[in-house]
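In case you want the letters, here they are:
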Amino acid sequence: KPEFVGREGMDQGRQLTGTPPIAGFGTYDDVDIRVVRRGYWYRDNTRMEPLYHTLTKSSAAGAEVAFTFRGPEITYQFARDRSFGIAEVLLDGAPIAMIDQYAPAASFGQQQEVVCAASGVHTLSVRVTGRKNAMSEGATVNVDGFSVAK
């Protein structure tokens, strides 16, 4: 049974896993094997404030992070900053929110709560729109983690 330790190990394990396991109750960092990235994303581990000190970021329009979970409710965790843009949030493929991640100063621990119509298995996705607030310096979107409620 292989062991996957640290960020590099999680990336290696993710490559070997065709279908990531479904997440249950708990909090999951952006480097968790259950977080599936599509398109170009990169990891930022230069700040201490994010969950487990990492953010996953992308400015590539259409890039998407998907997280499959079992439960009635999920919270998407992210940061706001002067170079962040607008993220689209989807539940089971349907758009449910647009989040402007711009702020004039860095602000961590931001949350978007999503209540599902029915308990069961769902997929929450965060997509880079390529759009930004007029005051933002960029259109980068970030993911800090997910929390699944009981």
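A brief look at the structure comes next. (Residues numbered from 1 in each chain as written. Predicted model: local features only at pLDDT ≥ 70, side-chain atom pairs only at ≥ 80, totals over all residues. Heavy atoms only, no water.)

**Focus on the overall build of the protein chain**
Then, number 1: Within the protein chain, the regular secondary structure consists of one helix and twelve strands.
Then, number 2: For the protein chain, the N- to C-terminal ordering of α and β elements is α-β-β-β-β-β-β-β-β-β-β-β-β.
Then, number 3: Counting over 150 residues, the protein chain shows a buried share of 47%.
Then, number 4: Taking all contacts inside the protein chain whose residues are at least 6 apart in sequence as the whole, residues at least 24 apart take part in 69%.
Then, number 5: Working note: accessible area of the protein chain is about 7,600 Å², and carbon and sulfur atoms make up 50% of it. (Helix = DSSP H or I, 4+ residues; strand = E, 2+ residues; numbered from the N terminus. Buried < 20%, exposed > 50% of the residue type's maximum accessible area, 1.4 Å probe, protein only. Contact = heavy atoms within 4.5 Å. Areas by Shrake-Rupley, 256 points an atom, 1.4 Å probe, with all protein chains shown as cover.)

**Digging into the sheet that holds strand β1 (residues 26–29)**
Two pairing modes exist for strands in a sheet, parallel and antiparallel, and in both the strands are linked by backbone hydrogen bonds.
Then, number 1: If you walk across this open sheet you meet the four strands as β1-β12-β6-β9, and the pairing is antiparallel. Here the strands that pair on one side only, and so sit at the sheet edges, are β1 and β9 (107–115). Averaged over all pairs of adjacent strands, the angle between strand axes in this sheet comes to 20°, irrespective of strand direction.
Then, number 2: As paired elements, strand β6 (residues 73–80) and strand β12 (residues 145–148) share four bridges and run antiparallel to each other. Counted as the bridge partner of T75 is S147 from β12. (Pairing = 2+ DSSP bridges. Axes fitted to C-alpha atoms, helices over the stretch in contact; angles between N-to-C directions.)

**Thoughts on the packing of aromatic side chains**
Then, number 1: With the rule as written, the count across this model stands at five aromatic pairs.
Then, number 2: An aromatic cluster is built from Y28, F67, Y76, F78 and F146, whose rings are joined through pairwise contacts.
Then, number 3: A cation over a ring is seen here: K150 above F25, with NZ or CZ 4.7 Å from the ring centre. (Phe/Tyr/Trp six-rings, centres within 6.5 Å; stacked < 30°, edge-to-face > 60°. Lys NZ or Arg CZ within 6 Å of the ring centre and 35° of its normal.)

**With respect to unusual backbone geometry**
Then, number 1: A positive phi angle, near 55°, is found at Y52, a position not held by glycine.
Then, number 2: Along the chain, the position of Y52 falls in the loop between β3 (42–44) and β4 (55–58).
Then, number 3: For D92, which is not glycine, the phi torsion reads 55° and is therefore positive.
Then, number 4: With respect to the helices, strands and loops of the structure, D92 is situated in the loop between β7 (86–91) and β8 (94–100).

**With respect to the nonpolar core**
Then, number 1: Formed by 25 residues in total, the largest nonpolar core has its most connected members in F67, F69, I74, Y76, L124 and F146.
Then, number 2: Of all the elements in the fold, those that place two or more residues in this core are β5 (64–70), β6, β7, β8, β10 (121–128), β11 (141–143) and β12.
Then, number 3: Aside from chain neighbours lying at most four places away, what touches F67 is A23, Y28, R34, V35, I74, H122, T123, L124, F146 and V148. (Core = buried A, V, L, I, M, F, W, Y, C linked by side-chain atoms within 4.5 Å.)

**Quick notes on the sheet that holds β10**
Then, number 1: In spatial order, the strands read β2-β5-β10-β7-β8; together these five strands make up an open sheet with antiparallel pairing. The outermost strands of the open sheet, each flanked by one partner alone, are β2 (35–38) and β8. Strand-to-strand twist in this sheet, taken as the mean axis angle between neighbours without regard to direction, amounts to 20°.
Then, number 2: Two strands pair when backbone bridges link them, and β7 and β10 are joined in this way by five bridges, in the antiparallel orientation.

**Here's the deal with the side chain of E88**
Then, number 1: Considering the arrangement of structural elements, one finds E88 in strand β7.
Then, number 2: Once residues within four sequence positions are removed from consideration, E88 is found in contact with P95, A97, M98, S125, V126, R127 and T129.

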